[in-house]
Number of protein chains: 2
Amino acid sequence: MKILVEELSQRGHEMVVLVPETSVLIGKSGNYTTKSFRVPYTLAELNANLDHIKNNTFENPPKLTDIFGNLGNLMRFTDMQVKACEGLLYDESLMKSLRETGFDVLLTDPFLPCGTIIADSFSLPAVYFLRGIPCRLDEAAAQCPSPPSFVPRLFTGFSDKMTFPQRVRNTLMTVLEKSLCHQLFASFDELASRYLQKDTTYKELLGNCAVWLLRYDFTFEFPKPQMPNMVQIAGINCAKKGPLTKELEEFVNGSGEHGFVVFTLGSMVSQLPEAKAREFFEAFRQIPQRVLWRYTGPVPENAPKNVKLMKWLPQNDLLGHPKVKAFITHGGSHGIYEGICHGVPMVMLPLFGDQGDNVHRLVSRGVAETLSIYDLTSEKLLVALRKVINDKSYKEKMTELSAIHRDRLIEPLDLAVFWTEFVMRHKGAAHLRPAAHELNWIQYHSLDVIGFLILILVTVIFVTVKSCMFCFRKFFKKTQKKKKE
Amino acid sequence: MKILVEELSQRGHEMVVLVPETSVLIGKSGNYTTKSFRVPYTLAELNANLDHIKNNTFENPPKLTDIFGNLGNLMRFTDMQVKACEGLLYDESLMKSLRETGFDVLLTDPFLPCGTIIADSFSLPAVYFLRGIPCRLDEAAAQCPSPPSFVPRLFTGFSDKMTFPQRVRNTLMTVLEKSLCHQLFASFDELASRYLQKDTTYKELLGNCAVWLLRYDFTFEFPKPQMPNMVQIAGINCAKKGPLTKELEEFVNGSGEHGFVVFTLGSMVSQLPEAKAREFFEAFRQIPQRVLWRYTGPVPENAPKNVKLMKWLPQNDLLGHPKVKAFITHGGSHGIYEGICHGVPMVMLPLFGDQGDNVHRLVSRGVAETLSIYDLTSEKLLVALRKVINDKSYKEKMTELSAIHRDRLIEPLDLAVFWTEFVMRHKGAAHLRPAAHELNWIQYHSLDVIGFLILILVTVIFVTVKSCMFCFRKFFKKTQKKKKE
């Protein structure tokens, strides 16, 4: 979100960014004011929590019950965030000073509950900036229809074209999601109700969102229904910002016609278990490409010469380099869009969260290969890497996808700025708010109407049949009487 | 659509426009090539058909069965269009020359079937430019969900906020629509199947549309789900093009602070029955505003001086004039958007087609009053006119609506050009096509899945109950035996 915050502040808006004291991601900037708040955990505890998730992924085989493991991880993570949020909401002096500032709009990623609760408390219109919320709580809150017949659910690994058994499983997952959602967001619901002193749910609060800025488009997501206040800003993070350093430029050019491969597993994973890392080194030793790898773990003595390990990679600049041949990634949406933007085929190693689903979207388009990190071997990696590099179809399809993604009238950043400013100018976007917000689930799906119509139909049939039988009997009796006479 | 065709041709595209010899609307232009084709009716017959629709409206009271009357009118009109279309499709030399030209895209309003059939026949990607197709065939063809719980149906006059009885009627209308659609488009289906020599329906052909350019937005329509390939270009017709003629400028300025009223009933209605016209003249006599009226009918001797009758009005320029106070209109979407664009409150006299529904959308926003043309009296007209002119709330709400409508990053014309060119560049917009196109109605709504799950549930319950009863009986028998012993 930082790119949007900086752009807004450069266009003359006064931005205040609330940052937890203990954060792994956001830093300070000269362009906006940051206000930090205390959280009841240390950075070590936060990292331990994240490490637990990671280690789980590397060491346990993927299985059907992973969804519950994923859920458990997510709940541990969100519980921590709820605590952080409490730290902010109940920091009375900070909240008082914020309330007195008089903001025009609140910008947040609703994956975490704090922004949404503050927007309600301050009666501020909210603009959401997100990839999505688990169990499609975002779509439910926006009243967006999402037919399970062609919109695959989280963790199913289905594409938008499903067989009958897949549709059955997708429908069951839809039902399961409802109860998972309930558990996952119970702490959000409780905090919101307690702090706002009214009986509410997190979903209900989310429904007040003025505009949803969605970090996806249909070069990545499967085409699905949208609501009028959903705006796609996919690719907002993608821009070839600057040239590489001299050292990097020399390294990647040294690969000659073979080009090079970029390898990162995202901002949260820069180490691997030693045995796992060895498989990567062994595979890289056998390819003619050079490899740039964001890796801070132990290095074997005879590490191949074509691999350059770095603590941090200028990922976007590297993917934009003409010599790049492939991108080995965990499949986070950020990296995926940098890959699509620059048209680089991928080898994907999904780790957790939505990454497994992200990967399926690209594999189904023929622009990526996927491997499981759990049972990864150098052979498997080699096969996949050679495939995406040497089989021309991956590059061709990716180039086409990239062209479609970049063929737009307005840059996503400008679109995000426009809609944020629109909400400020008009104090929301009431004209985009569907009346569905005033319906409950039964009403929304017209189940009450269908029930009522069936009841009438059954009554009419019943009365008709009974009347006919009555008439028939009367007629029959008369006939019998006559016969007797 | 002319504005888009002219813009495309100015941007260097070669445009060929197919025009029936007998047309009431489109003219020739230096900017594009027109090719005309024979139609099996005369202009007089076409006008007689339209007159029938009009007279019906002026002389019969509105009633519940109007929907069938409307349908009848529509069917007479579309039957004529189907004949026109046959004239084109079976004009072999014209079709041959078109086929040999090698087009990149076909642009059409799918309200009429010809363009869609040609697109299929020539294997051309199609861009549709439309306000809508009766019985929401456009939404059905685009696979767009349209929950009857908050999307009001045609001819119901409901807003998006419905009571339970209204939702019941709306749902029934949804069912009725299906059968109406079937009748209304039977001739389209037949022509398409016959000409393309395959078993198809018009809806199926429509589903191949690459991009839907929709002449509405949510300052007018109620917020509802959209599909990824739907693009809103509302207001494409609205631009203050030029100043008024000296004569007109003098007339409207002569009204002083009271301003003036613009009155037209659309391009198809420039006359009224004499008695009806008298009511208008009498009402206008009693207002301080001047009135510009597009009217070619008989004029009473003592016609009021503040009324200027004209054969043709520069409607958009007049509505953009600072002294305009109100717009009396039949509620066609074209005029409505000119009114919204310039922020002019309206008095609406819906005549036929979608106009009744259009009117409800503006009335529910508090920016217009509506009257029935059938029982219109000068008193009723006066009350409505004075209300929208003197009650400040109409102007205020309309100004707000206008500001929201015009607050956009891209002009609708540029958007329409972009998407047309996008389809030309990428030979369609396959990435926006939902997989729902491969599902039938039952699959789309997961009725097969729900049926299957219910079957399983019932079976499980049945088996469980039977087993329990079996065990219970066995146990019961044993106990009885023991007792006997």
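Residues numbered from 1 in each chain as written. Chains lettered and ligands numbered in written order. Predicted model: local features only at pLDDT ≥ 70, side-chain atom pairs only at ≥ 80, totals over all residues. Heavy atoms only, no water.

**Some thoughts on the state of the cysteines**
- All told, the structure shown has six disulfides over all chains when counted by the stated rule.
- Disulfide pairing places Cys238(A) opposite Cys341(A) at an S-S distance of 1.9 Å. Negative torsions about the S-S bond denote left-handed disulfides, and the value of about -75° found for Cys238(A) with Cys341(A) makes this one left-handed. Residue Cys238(A) is located in the loop between strand E6 (230-232) and helix H10 (246-253), and its partner Cys341(A) is located in helix H13 (residues 333-342); the two are separated by 103 residues in the primary sequence.
- Within chain A, bonded cysteines paired by disulfides and numbered along the sequence follow the pattern 1-2, 3-4, 5-6.
- Sulfur of Cys144(A): no disulfide; nearest cysteine sulfur belongs to Cys144(B) and is 9.5 Å away.
- Not engaged in a disulfide, the cysteine Cys471(B) finds its nearest cysteine sulfur in Cys468(B); these two sulfurs lie 6.5 Å apart.
- A relative accessible area of 48% means that Cys471(B) is categorised as partly exposed. (Disulfide = S-S within 2.5 Å. Helix = DSSP H or I, 4+ residues; strand = E, 2+ residues; numbered from the N terminus. Buried < 20%, exposed > 50% of the residue type's maximum accessible area, 1.4 Å probe, protein only.)

**Things to note about the interface of chain A and chain B**
- At the interface, 47 residues of chain A touch 47 residues of chain B.
- When residues of chain A are sorted by the area they lose upon contact with chain B, Asp407(A), Leu409(A) and His431(A) head the list and together hold 14% of the total.
- Run the count over chain A and chain B and you get four salt bridges.
- Taking the shortest distance from any N to any O, the salt bridge between Arg425(B) and Asp407(A) comes out at 2.7 Å.
- Counting the contacts that link chain A with chain B gives nine residue pairs in polar contact (both at pLDDT 80 or more). (Contact = heavy atoms within 4.5 Å. Buried area = accessible area lost by both parts, 1.4 Å probe. Salt bridge = Lys/Arg side-chain N within 4 Å of Asp/Glu carboxyl O. Polar contact = N/O pair within 3.5 Å; in protein donor to acceptor, adjacent residues only side chain to side chain.)

**Points about the side chain of His330(A)**
Residues and elements named next belong to chain A.
- Within the element layout of this structure, histidine 330 appears in the loop between strand E10 (324-329) and H13.
- Of the polar contacts made by the side chain of histidine 330, one reaches the backbone nitrogen of glycine 266; its length is 3.5 Å.
- Leave out the neighbours within four places in its chain, and histidine 330 touches Thr264, Leu265, Gly266, Leu349, Pro350, Leu351, Gln355 and Val359.

**Quick word on the environment of Tyr202(A)**
All names here are of chain A.
- The topology assignment puts tyrosine 202 in helix H9 (residues 202-206).
- Looking at tyrosine 202, the relative accessible area reads 0%, which means it is buried.
- Spatially, the C-alpha atom of tyrosine 202 lies 23 Å from that of lysine 96, the residues being 106 residues apart in sequence.
- In contact with tyrosine 202, other than residues within four places in its own chain, are Pro110, Leu112, Pro113, Thr116, Leu137, Phe185, Phe188 and Asp189.
- A polar atom in the side chain of tyrosine 202 sits 3.4 Å from the side chain of threonine 116.

**So, empty space enclosed by the protein**
- One pass over the full model with this rule turns up three cavities of 30 Å³ or more.
- Of the pockets and cavities examined, the largest cavity occupies roughly 1400 Å³.
- What lines the largest cavity is a set of 48 residues, among which Val231(A), Leu415(A), Val231(B), Leu415(B) and Trp419(B) lie closest to the centre.
- Secondary-structure elements contributing two or more residues to the lining of the largest cavity are E6, helix H16 (392-406) and helix H17 (412-426) of chain A together with strand E6 (230-232), helix H16 (392-406) and helix H17 (412-426) of chain B.
- By residue class, the composition of the lining of the largest cavity is 32 nonpolar, ten polar and six charged.
- Looking at the second largest cavity, its volume works out to about 90 Å³.
- The wall of the second largest cavity is formed by twelve residues, among which Leu71(B), Cys135(B), Leu154(B), Phe155(B) and Leu180(B) lie closest to the centre.
- Looking at the lining of the second largest cavity, the elements that each hand over two or more residues are helix H3 (66-89) and helix H7 (164-184) of chain B.
- Considering only residue class, the lining of the second largest cavity consists of ten nonpolar, one polar and one charged. (1 Å grid on protein atoms, 1.4 Å probe; cavity = no way out; pocket = protein on both sides within 12 Å on 5 of 7 lines; lining within 4 Å. Points joined across faces, edges and corners; volume = space filled by probe spheres on them. Nonpolar A, V, L, I, M, F, W, Y, C, P; charged D, E, K, R; others polar.)

**Things to note about the domain arrangement of chain A**
- Partitioning chain A into domains gives domain 1 (2-238 + 410-438), domain 2 (246-390) and domain 3 (447-484).
- Here the C-alpha centroids of domain 1 of chain A and domain 3 of chain A sit 57 Å apart. (Domains from an automatic or database assignment.)

**Quick look at unusual backbone geometry**
Residues and elements named next belong to chain A.
- Within the chain, phenylalanine 155 stands out as a residue other than glycine whose phi angle is a positive 65°.
- Locating phenylalanine 155 in the fold gives a position in the loop between helix H6 (137-141) and helix H7 (164-184).
- You can call phenylalanine 155 partly exposed: its relative accessible area is 33%.
- Of note, glutamine 197 is a non-glycine position whose phi angle comes to about 50°, a positive value.
- Relative to the elements of secondary structure, glutamine 197 occurs in the loop between helix H8 (186-196) and H9.
- For glutamine 197, a relative accessible area of 73% translates into the label exposed.

**Points about the relation of the copies chain A and chain B**
- Superposing chain A onto chain B takes a rotation of 180° plus a shift of 0.0 Å along the axis, which leaves an RMSD of 0.1 Å. Both copies are brought into coincidence by an operation consistent with a two-fold rotation axis. Identified as the residue of chain A closest to the rotation axis by C-alpha distance is Gln226(A), at 2.6 Å.
- A symmetric contact is evident, with 100% of the interface residues of chain A recurring at the interface of chain B. (Least-squares fit on C-alpha atoms with pLDDT ≥ 70 in both.)

**Concerning H17(A)**
- The end-to-end C-alpha distance of H17(A), which contains 15 residues, comes to 21 Å, matching closely the 21 Å that a straight helix rising 1.5 Å per residue would cover.
- Of all 15 residues in H17(A), twelve are buried, a share of seventy percent or more.
- Burial in H17(A) covers these residues: Pro412(A), Leu413(A), Leu415(A), Ala416(A), Val417(A), Phe418(A), Trp419(A), Thr420(A), Glu421(A), Phe422(A), Val423(A) and Met424(A).
- Each element contacted by the buried residues of H17(A) is listed here: helix H1 (2-10), strand E4 (126-130), strand E5 (211-214) and E6 of chain A together with H16 of chain B. (Expected span 1.5 Å × (residues − 1).)

**Focus on the side chain of Thr264(A)**
- Take Thr264(A): it is sitting in the loop between strand E7 (260-263) and helix H11 (274-285).
- At 3.2 Å, the side chain of Thr264(A) and the side chain of Gln315(A) are in polar contact.

**Some points on the pairing of strand E8 (residues 290-294) of chain B**
Residues and elements named next belong to chain B.
- Within E8, four of the five residues are buried, which leaves it mostly tucked inside the rest of the structure.
- With four bridges joining them, strand E7 (residues 260-263) and E8 adopt parallel strand pairing. Following the sheet pairing, valine 262 is matched in E8 by leucine 292.
- Handedness of the crossover joining E7 and E8 through helix H11 (residues 274-285) is recorded here as right-handed.
- As paired strands, E8 and strand E9 (residues 307-310) are joined by four bridges and run parallel to one another. Each bridged residue has a counterpart across the sheet, and for arginine 294 the counterpart in E9 is methionine 310. (Pairing = 2+ DSSP bridges. Right-handed = clockwise from strand over helix to strand, strands pointing away.)

**Focus: the UniProt feature "transmembrane region" (unreviewed entry) in chain A**
- Listed under "transmembrane region" (unreviewed entry) in the UniProt record, and renumbered for this structure, are residues 449-472 of chain A.
- End-to-end, the C-alpha atoms of residues 449-472 of chain A are 34 Å apart, and along that stretch the chain is 100% helix and 0% strand. (UniProt positions renumbered as here; feature names shortened; annotations may be inferred.)

**Considerations on the packing of H13(A) against H16(A)**
Residues and elements named next belong to chain A.
- Contact geometry for H13 and H16: axes closest at 7 Å, N-to-C directions at 100°. Classified by the angle their axes make, H13 and H16 are roughly perpendicular. Note on element contacts: H16 touches H13 through Met398, Leu401, Ser402, His405 and Arg406, opposite Tyr337, Gly339, Ile340, Cys341 and His342.
- Along the lines of polarity and charge, the residues of the contact of H13 with H16 split into five nonpolar, four polar and one charged. (Axes fitted to C-alpha atoms, helices over the stretch in contact; angles between N-to-C directions. Parallel < 35°, antiparallel > 145°, perpendicular 65-115°, else oblique.)

**Re the packing of aromatic side chains**
- Under the definition given, this model contains 44 aromatic pairs over all chains.
- Note on Phe280(A) and Trp293(A): the rings are 5.6 Å apart at their centroids and 50° apart in plane angle, and the pair reads as tilted. Residue Phe280(A) is found in helix H11, and its partner Trp293(A) is found in strand E8 (residues 290-294); the two are separated by 13 residues along the sequence. Assigned by exposure class, Phe280(A) and Trp293(A) land together as buried.
- Plain terms: the ring middles of Phe284(A) and Trp293(A) are 5.8 Å apart, the flat faces sit at 80° to each other, and that makes the pair edge-to-face. Both residues of the pair, Phe284(A) and Trp293(A), count as buried.
- Over the ring of Phe251(A) we find Lys308(A); its NZ or CZ atom is 5.8 Å from the centre of that ring.
- When the ring centre of Phe251(B) is taken as reference, the NZ or CZ atom of Arg290(B) above it lies at 5.0 Å. (Phe/Tyr/Trp six-rings, centres within 6.5 Å; stacked < 30°, edge-to-face > 60°. Lys NZ or Arg CZ within 6 Å of the ring centre and 35° of its normal.)

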